[in-house]
Amino acid sequence: MNNNSMILYPSNWVFNAGVIGLLLTREKTGEKIEDDLLPNGACKISCDYFSPVKVLTRPISKAVINLVNALVSDEDLEKWLDNKENRSKYKKFHTELGDFGYKFVRAGNILFSSERPYQNLVQFPEWQSYEYAELVENIPSLISVSSGDMCNLCSQYHILVINPKSKLQIRLTKLQSSHLKNLGPSIGEFPNGFWNLNESLSLCFLCSFLLLHHHLAFTKLSDGSEMFINTPSFQITYYLNKFAKQVLGVLSPKEMRDKRDILAVSVIEYATKIKATLGVWAGMNIEIITKYEKQIDFYSLPYDIVQLISDRKIAGLLSQIGEFSVLNHVLNKDFSWLLEVGYRLFRISLKPYSALKTTEKNFVNNILKLDHNRKNPARVAEKIFHLYGLIEEKKKRREKYEYLSTART
């Protein structure tokens with residue numbers, strides 16, 4: 001951390017999701033975050049983000065205002081207000097949270113209601129007394145200490161409890177279900193979970209703050225699960241998840257459940273639309289994390305496949321063809337299929353449509369799902385041949401490089 005900003009470095013997927021969730025929260029408020037995504041994979045956050053905003057009756061930091069809205073952004077206000085008791089709470093919170101600004105009025109009524117995932121971490125009394133707001137505002141100074149135990153999550157900042165008698169501060173510095181429901185122990189549901197948090201992961205205040213944003217980094221899928229693409233670079237992680245959200249808008253429910261397709265198409269979109277390349281990051285682990293109820297699963301593309309589809313020319317052709325049948329055979333490394341299909345499509349394209357046999361029409365319809373491809377199989381065949389040539393060329397270059405590397409040793 002320097003005088004003006006904190007520099008965050010990629011770590012485990014939990015930490016990375018928290019950082020991406022924070023970036024998305026800031027982006028929704030109109031902030032330009034691209035400049036904060038550094039080429040070396042790190043991310044910077046201005047310390048001014050945690051400074052109190054002067055315009056409110058009681059100055060509160062932008063970080064706190066955005067956090068409250070982020071925590072409840074996926075909650076259904078109208079459904080919650082259907083309950084008579086909740087409507088009564090709403091009126092009460094409207095009065096007691098008035099000087100937090102109008103955003104807090106809308107968000108607060110859900111944040112402090114019962115049976116919400118964050119209720120045990122930041123309760124209404126702490127917000128009412130501004131204790132948590134003041135902690136967030138002081139995060140830059142709280143993590144600047146150079147002694148004490150190191151945070152178990154980021155391994156970058158030290159853990160500090162200002163007031164050992166503060167239950168809020170103790171809760172904030174221990175991972176619990178309010179941070180991450182699937183992995184953290186619950187004080188309320190299981191009073192001795194992780195031995196009353198004594199054996200739970202210890203967190204610095206910054207990580208505790210970041211984890212409350214982690215759910216925003218996940219994209220909801222049609223089967224009820226959620227997914228997050230994780231890489232060793234915040235810049236690449238941000239763009240891959242951004243493209244994944246765009247991809248999910250055009251895929252069928254069946255295709256949405258295919259983690260490999262989502263990950264592959266996201267990498268392809270990145271390679272074709274971002275001027276920077278994956279570079280050294282392509283050789284590292286790019287994985288997709290999915291959450292469904294109490295289960296967390298992981299999937300990653302093999303190294304050689306990531307190298308292949310992140311090649312800008314190959315990615316460009318896969319994107320232009322746009323057929324999952326072609327993509328899946330590339331992912332399966334079934335490259336000879338490309339030649340066979342290209343050849344059959346080219347032969348079919350030489351005949352008038354009226355002269356095609358039923359088997360030939362069915363072949364085209366089974367392979368090509370896009371209407372413009374079905375109308376012009378010759379063009380698709382040409383692109384498939386070109387794709388095959390690029391793949392073979394890349395394979396030969398890699399084999400030659402590996403041979404030379406082995407010979408030198």
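Counting starts from 1 at the beginning of each chain's written sequence and moves along it residue by residue. It should be noted that, the model being predicted, local features are given only for residues of pLDDT at least 70 and side-chain atom pairs only at 80 or more, the latter also being counted only at that level, while totals for whole chains, interfaces and linings use all residues. To obtain the side-chain values, all non-hydrogen atoms of the structure were included, while hydrogens and water were left out.

Caption draft 1: A look at the packing of aromatic side chains. The aromatic pairing rule takes the rings of Phe, Tyr and Trp, using the six-membered ring of Trp, and pairs them if the centres are within 6.5 Å, calling planes under 30 degrees apart stacked, those over 60 edge-to-face and the rest tilted. If you walk through the whole model with that rule in mind, you get 8 aromatic pairs. A ring pair is formed by Phe-15 and Phe-234, whose centres lie 6.4 Å apart and whose planes are at 50°; its orientation type is tilted. Residue Phe-15 is located in helix α1 (residues 13-28), and its partner Phe-234 is located in helix α11 (residues 234-248); the two are separated by 219 residues in the primary sequence. The same class applies to Phe-15 as to Phe-234, namely buried. Centroid distance Tyr-239 to Phe-243: 6.4 Å. Interplanar angle 25°. Geometry classified as stacked. Linking Tyr-239 with Phe-243, this pair stays in helix α11, spanning 4 residues, or about one helical turn. Here the two residues Tyr-239 and Phe-243 agree in accessibility, since each one is buried. Members of the aromatic cluster, joined through ring pairs, are Trp-13, Phe-218, Phe-228 and Phe-298. Going along the chain from the N terminus, every DSSP run of H or I of four or more residues is numbered as a helix, and every run of E of two or more is numbered as a strand. With a 1.4 Å probe rolled over the protein chains alone, any residue whose accessible area is under 20% of its type maximum counts as buried; one over 50% counts as exposed, and the rest are partly exposed.

Caption draft 2: Broad picture of the pattern of salt bridges. Definition used for salt bridges: Asp or Glu carboxyl oxygen within 4 Å of a side-chain nitrogen of Lys or Arg. In this structure the tally under the stated criterion is 9 salt bridges. A salt bridge links Lys-62 to Glu-31; the nearest nitrogen and oxygen atoms lie 3.2 Å apart. With Lys-62 in helix α2 (residues 62-71) and Glu-31 in the loop between α1 and β2 (43-46), this pair connects stretches of sequence that are 31 residues apart. Take Lys-62: its relative accessible area is 31%, and that puts it in the partly exposed class. Three or more residues are tied together by salt bridges with common partners; here these are Arg-26, Glu-31, Asp-36 and Lys-62.

Caption draft 3: Highlighting the sheet that holds strand β5 (residues 219-220). In this analysis, strands are considered paired if DSSP registers two or more bridges between them. Within the open sheet, the 4 strands sit side by side as β5-β6-β7-β8. Their pairing is antiparallel. Single-partner strands in this sheet number two, and they are β5 and β8 (295-300). Whether two residues touch is decided by their heavy atoms; if any such pair falls within 4.5 Å, the residues are in contact. All axes are obtained by fitting lines to C-alpha atoms, using only the stretch in contact for helices, and the reported angles, taken between N-to-C directions, cover 0 to 180 degrees. Most of the contacts of α1 go to strand β6 (residues 226-230), to which it runs at about 100°, and overall it touches β6, β7 (287-292) and β8.

Caption draft 4: Spotlight on the pairing of β8. As judged from the 6 bridges shared by β7 and β8, these two strands associate in the antiparallel manner. Note on β8: the bridge partner recorded for Ile-289 is Phe-298. Between the end of β7 and the start of β8, which pair antiparallel, lie 2 residues, with Glu-293 showing a positive phi angle near 55°.

Caption draft 5: How the structure looks around unusual backbone geometry. Look at Ser-155: it is not a glycine, yet its phi comes out positive at around 55°. If you trace the backbone, Ser-155 turns up in the loop between α8 (139-142) and α9 (167-172). A relative accessible area of 53% places Ser-155 in the exposed class. Despite not being glycine, Lys-333 has its phi angle at roughly 60°, a positive value.

Caption draft 6: Highlighting the environment of Asp-311. Take Asp-311: it is sitting in the loop between α14 (303-309) and α15 (312-321). Along the chain, Asp-311 and Leu-390 lie 79 residues apart, while their C-alpha atoms are 9.5 Å from each other. Filtering out sequence-adjacent residues up to four positions away, Asp-311 remains in contact with Lys-394 and Arg-397.

Caption draft 7: How the structure looks around the nonpolar core. We call a set of buried Ala, Val, Leu, Ile, Met, Phe, Trp, Tyr and Cys residues a nonpolar core when their side-chain atoms join them within 4.5 Å. Phe-50, Leu-206, Phe-209, Ile-309, Leu-338 and Leu-387 are the most contacted members of the largest nonpolar core, which totals 108 residues. Ignoring any residue separated from it by four or fewer positions in sequence, one finds Leu-387 in contact with Ile-314, Leu-317, Leu-318, Ile-321, Val-326, Val-330 and Leu-338.

Caption draft 8: Main features of a nonpolar patch on the surface. Together, Leu-339, Tyr-343, Phe-346, Leu-350 and Phe-385 line one region of the surface with nonpolar side chains, adding up to about 490 Å² of accessible area. When residues of the nonpolar patch are assigned to their parent elements, the largest contribution, 3 residues, is made by helix α17 (residues 335-349). Turning to its location among the elements, Leu-350 is positioned in the loop between α17 and α18 (358-367). Classification of Leu-350 by relative accessible area gives exposed; the value is 61%. Residues enter patches when their relative accessible area tops 30% and they take part in no salt bridge; the joining distance is 9 Å for like charges and 5 Å for the nonpolar side chains Val, Leu, Ile, Met, Phe, Trp and Tyr. Each accessible area value is a Shrake-Rupley result obtained with a 1.4 Å probe; residue values ignore everything except the protein chains displayed when judging cover.

Caption draft 9: Structural detail: the confidence of the model for the protein. Scored from 0 to 100, pLDDT records how confident the predictor is in each individual residue. Residues with a pLDDT of 70 or more make up 71% of the protein, whose mean pLDDT is 77. Mean pLDDT across the elements of the protein ranges from a minimum in helix α5 (residues 102-111), with 40, to a maximum in α17, with 93. Every residue in residues 94-120 is under pLDDT 50, and counting partners more than four places away or in other chains gives 70 contacts. Across residues 190-195 the pLDDT falls below 50, and counting only partners more than four positions away or on other chains, this stretch makes 7 contacts in the model.

Caption draft 10: Region of the structure containing α17. Here α17 spans 22 Å end to end across 15 residues, near enough to the 21 Å set by a 1.5 Å rise per residue. Within the sequence span of α17, burial applies to Phe-335, Trp-337, Leu-338, Val-341, Gly-342, Leu-345 and Ile-348. Summarising the axial view, the buried residues of α17 lie within an arc of 130°, below the 170-degree limit, and thus occupy one face. Given a helix with a known number of residues, its expected span is that number minus one, times 1.5 Å. Think of it as the arc spanned by the lines of direction from the helix axis to the C-beta atoms.

Caption draft 11: The arrangement of the side chain of Arg-26 in detail. Relative to the helices and strands, Arg-26 is located in helix α1. The class for Arg-26 is buried, based on a relative accessible area of 5%. In this structure the side chain of Arg-26 is engaged in a polar contact, spanning 2.7 Å, whose partner is the side chain of Asp-36. If near-sequence neighbours (up to four positions away) are discounted, Arg-26 is found in contact with Glu-31, Ile-33, Asp-36, Lys-44, Ile-45 and Tyr-49. Identification of polar contacts relies on pairs of N or O atoms within 3.5 Å, with a donor-acceptor requirement for protein atoms, meaning one able to donate a hydrogen and the other able to accept it, and with residues adjacent in sequence counted only if both atoms are side-chain atoms.

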